[in-house]
Amino acid sequence: MIVAQRKNIPELLAIVQEHRKVLLLGCGTCVTVCLAGGQREVSIIASALRMAAKLKGRSLEVEELTIERQCDNVFLEQAAEAIKKADAVLSVGCGAGVQAIAERYSNKPVYAGLNTAFIGILEERGVWTEKCAACGECVLHEYGGICPITRCAKKMMNGPCSGSREDRCEVSPDRPCAWQLIYKRLKEIGQLDRLKELKKPKNWRPSQSGGCRTIIREDHRV
Amino acid sequence: VRIIRTPCTGRLETEYFMKALENGADGVLVAGCLEGGCHFVEGNLCAKRRVNYTRDLLEEIGIEKERLRMVNISAAMARPLADTITDMVETIRKLGPNPLRKSNGNPEGGVPRRPIFTEGNEGNGDFSLNPQPSTFNHLL
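So, how was this worked out
- Each chain has its residues counted from 1, following the order in which its sequence is written.
- Both sets of labels track the order of writing: A upward for chains, 1 upward for ligands.
- Totals for whole chains, interfaces and linings use every residue, but because this is a predicted model, local features are given only for residues with pLDDT of at least 70 and side-chain atom pairs only at 80 or more, for both listing and counting.
- By convention in this description, side-chain values take in all heavy atoms of the structure and omit both hydrogens and water.
- Helix and strand assignments follow DSSP, with helices taken as H or I runs no shorter than four residues and strands as E runs no shorter than two, numbered in order from the N terminus.
- Accessible area is worked out with a 1.4 Å probe on protein chains only. A residue is then buried under 20% of its type maximum, exposed over 50%, and partly exposed in between.
- Any pair of residues with heavy atoms lying within 4.5 Å of one another is described as a contacting pair.
- Using a 1.4 Å probe, the Shrake-Rupley method yields the accessible areas, and only the shown protein chains count as cover for residues.
- Definition of nonpolar core: a set of buried residues of the types Ala, Val, Leu, Ile, Met, Phe, Trp, Tyr and Cys, connected through side-chain atoms within 4.5 Å.
- Axis angles are defined between N-to-C directions and span 0 to 180 degrees, where every axis is a line fitted to C-alpha atoms and, for a helix, only to the segment in contact.
- Working definition: roughly parallel below 35 degrees, roughly antiparallel above 145 degrees, roughly perpendicular at 65 to 115 degrees, and oblique for all remaining angles.
- A crossing counts as left-handed when the near helix is turned anticlockwise from the far one by less than a right angle, and as right-handed when that turn is clockwise.
- Three classes are used: nonpolar for Ala, Val, Leu, Ile, Met, Phe, Trp, Tyr, Cys and Pro, charged for Asp, Glu, Lys and Arg, and polar for all others, with Gly counted as polar.
- At least two DSSP bridges between two strands are needed for those strands to be called paired.
- Regarding the arc, it is the one traced by the directions from the helix axis to the C-beta atoms.
- When the strands point away from the viewer, a crossover counts as right-handed if the route from the first strand across the helix to the second turns clockwise.
- Planes of paired rings set the category: under 30 degrees apart is stacked, over 60 is edge-to-face and the rest tilted, where pairs are Phe, Tyr or Trp rings (Trp by its six-membered ring) whose centres lie within 6.5 Å.
- Counting as a charge over the ring demands two things of the Lys NZ or Arg CZ atom: a distance within 6 Å of the ring centre and an angle within 35 degrees of the ring normal.
- By salt bridge we mean one thing: a side-chain nitrogen of Lys or Arg within 4 Å of a carboxyl oxygen of Asp or Glu.

1. Points about the overall build of chain B
- Along chain B, the regular secondary structure elements total three helices and four strands.
- When its helices and strands are written in sequence order, chain B yields α-β-α-β-α-β-β.
- A total of 140 residues make up chain B; the buried ones form 39% of that total.
- For chain B, contacts bridging at least 24 residues in sequence account for 62% of all contacts bridging at least 6.
- Carbon and sulfur atoms make up 52% of the accessible area of chain B, which totals about 7900 Å².

In structure tokens, the structure reads:
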């Protein structure tokens, strides 16, 4: 899922500075799961914004709404009336959600209330870690299901950097060495031979180097 | 001092503290069971984390975090509870009333919890399309 983090309240207040009626729009999908922009967070952030504005003597009305998915036009339709009534929309969805609203409502200012961080998983309660860089050409099958691009600080593709100490990454000792994990995993599944293959330089063209990417499925187009 | 009973402090969410202060409460004291003594194992520990998170959030907003406090007191500790409440009241007295109560024409204080506006007719009509959970709102 997409993992995001709330911007701080003074920053949010500055973002909606010129508006009086703001719709705080939550998203019921990824950002709900990562506790950044679901219905509950919308309620908390709205309260916080109203209080902060009042303390500064500003008149700010914050309406609250959470829809199932901001990045989908079908669900976005449910917010149409509320968006129309507000001066501006402060979206606490991911970056895709914010842009979906901006494209659909061309005359309405739309702002991001979250910092969209990465594609990751819930590691343990309250802890999320990045697992995928969306590089566009997945190599996980070659590395025992552990991504060296995302999880190795140096993005080493042909073995460890030799800087790790006791299984820990030398760049940040609070995280495990990805190559130690890859070695252990390949050993466990009997695929250590994969490490003997010399990997050619990665093709980064399917990644973000060429601007925004598009996938077209002709069989699904109408 | 207004007392609100809950089955367990673990039932309390950040929203409740926020709504209480937003609606004009001068302070909120959360009194949970002793750590390790929760009937639901870790309800009071959950509450402690939420209180700490909310205190940080209050600082971001610009409200004194001392207005929200959690203490752990067992059901058999009446005297310490009374002393804690007195101490909390003293803390609040030093801080003064909830700054949000310097209201703009709202005699109840605080800010309007659910802003109401419609196009071309500000101040009337219900803008609400998706009411948020309000389990405790009638108490706050």
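Let's pick the thread back up.
2. Digging into the nonpolar core
- Counting residues in hydrophobic clusters, the biggest one holds 45 residues, and the most contacted among them are L49(A) and I61(B).
- Ranked by residues supplied to this core, first place goes to helix 3 (residues 39–55) of chain A with nine residues.
- Not counting the four nearest positions on each side in its chain, L49(A) is found in contact with I9(A), L12(A), L13(A), L60(A), V62(A) and L90(A).
- By size, the runner-up hydrophobic cluster in this structure holds 15 residues, among which are I67(A), A79(A), A86(A) and A100(A).

3. What about the environment of Q5(A)?
Residue and element names in this part refer to chain A.
- Mapping Q5 onto the fold places it in strand 1 (residues 2–6).
- The exposed category is assigned to Q5, whose relative accessible area is 56%.
- In this structure, the C-alpha to C-alpha distance between Q5 and H19, residues 14 residues apart in sequence, is 23 Å.

4. Let's talk about the packing of helix 1 (residues 14–22) of chain B against helix 2 (residues 43–61) of chain B
All names here are of chain B.
- Remark: helix 1 packs on helix 2, axes separated minimally by 9 Å, with the N-to-C direction vectors making an angle of 40 degrees. Between helix 1 and helix 2, the angle is such that the two are oblique. Judged by the twist between their axes, the crossing of helix 1 over helix 2 is right-handed. Contact residues: T14, F17, M18 and L21 in helix 1; R50, V51, Y53, T54, L57, L58 and I61 in helix 2.
- Residue composition of the contact of helix 1 with helix 2, by class: eight nonpolar, two polar and one charged.

5. A few points about the environment of V51(B)
All names here are of chain B.
- Its place among the elements puts V51 in helix 2.
- For V51 and K65, which are 14 residues apart along the polypeptide, the C-alpha to C-alpha distance reads 9.8 Å.
- Each residue touching V51, except ones within four places of it in the same chain, is listed here: F17, V30, L68, R69 and M70.

6. Some points on the sheet that holds strand 5 (residues 110–112) of chain A
All names here are of chain A.
- Taken in spatial order, the four strands of this open sheet run 3-2-4-5, and their pairing is parallel. The sheet terminates laterally at strand 3 (61–67) and strand 5, the two strands that pair on one side only. Here the average twist between neighbouring strands, direction ignored, is 25 degrees.
- Here strand 4 (residues 88–91) pairs with strand 5 via three bridges, running parallel. The partner of V89 across the bridge, within strand 5, is V110.
- Taken strand by strand, helix 6 (residues 95–104) contacts strand 2 (21–27), strand 4 and strand 5, and its axis lies near 175 degrees from that of strand 5.

7. Regarding helix 6 of chain A
All names here are of chain A.
- All buried positions along helix 6 are accounted for by G97, V98, A100 and I101. With its buried residues spanning 160 degrees around the axis, helix 6 presents them on a single face. Along helix 6, exposed side chains directed more than 90 degrees from the buried face belong to Q99 and E103.
- The inward-facing, buried residues of helix 6 contact strand 2, helix 4 (73–76), helix 5 (80–85), strand 4 and strand 5.

8. A few points about the pairing of strand 4 of chain A
- Residues A88(A) and L90(A) point to one face of strand 4 of chain A and V89(A) and S91(A) to the other, with burial holding for every one of them.
- Note that the unit made of strand 4 of chain A, helix 6 of chain A and strand 5 of chain A has a crossover that is right-handed.

9. As for the packing of aromatic side chains
Residues and elements named next belong to chain A.
- Tallied over the full model, the rule gives one aromatic pair over all chains.
- For the pair Y143 and W179, a centre-to-centre distance of 5.6 Å together with 85 degrees between the ring planes defines the contact as edge-to-face. Placement of Y143 in the loop between strand 7 (127–132) and helix 7 (148–151) and of W179 in helix 8 (residues 178–188) is noted, with a sequence separation of 36 residues between them. Pair check on accessibility: Y143 and W179 agree, each one buried.
- Sitting over the face of the ring of Y143, K199 holds its NZ or CZ atom 5.2 Å from the ring centroid.

10. A look at the pattern of salt bridges
Residue and element names in this part refer to chain A.
- Under the counting rule described, the total for this entry stands at 25 salt bridges over all chains.
- The shortest N-O distance in the salt bridge between E11 and K7 comes to 3.5 Å.
- On the basis of relative accessible area, E11 is assigned to the partly exposed category, the value being 33%.
- With a closest N to O distance of 3.8 Å, R69 and D72 form a salt bridge.
- In this structure R69 comes out as partly exposed when scored by relative accessible area, which is 31%.

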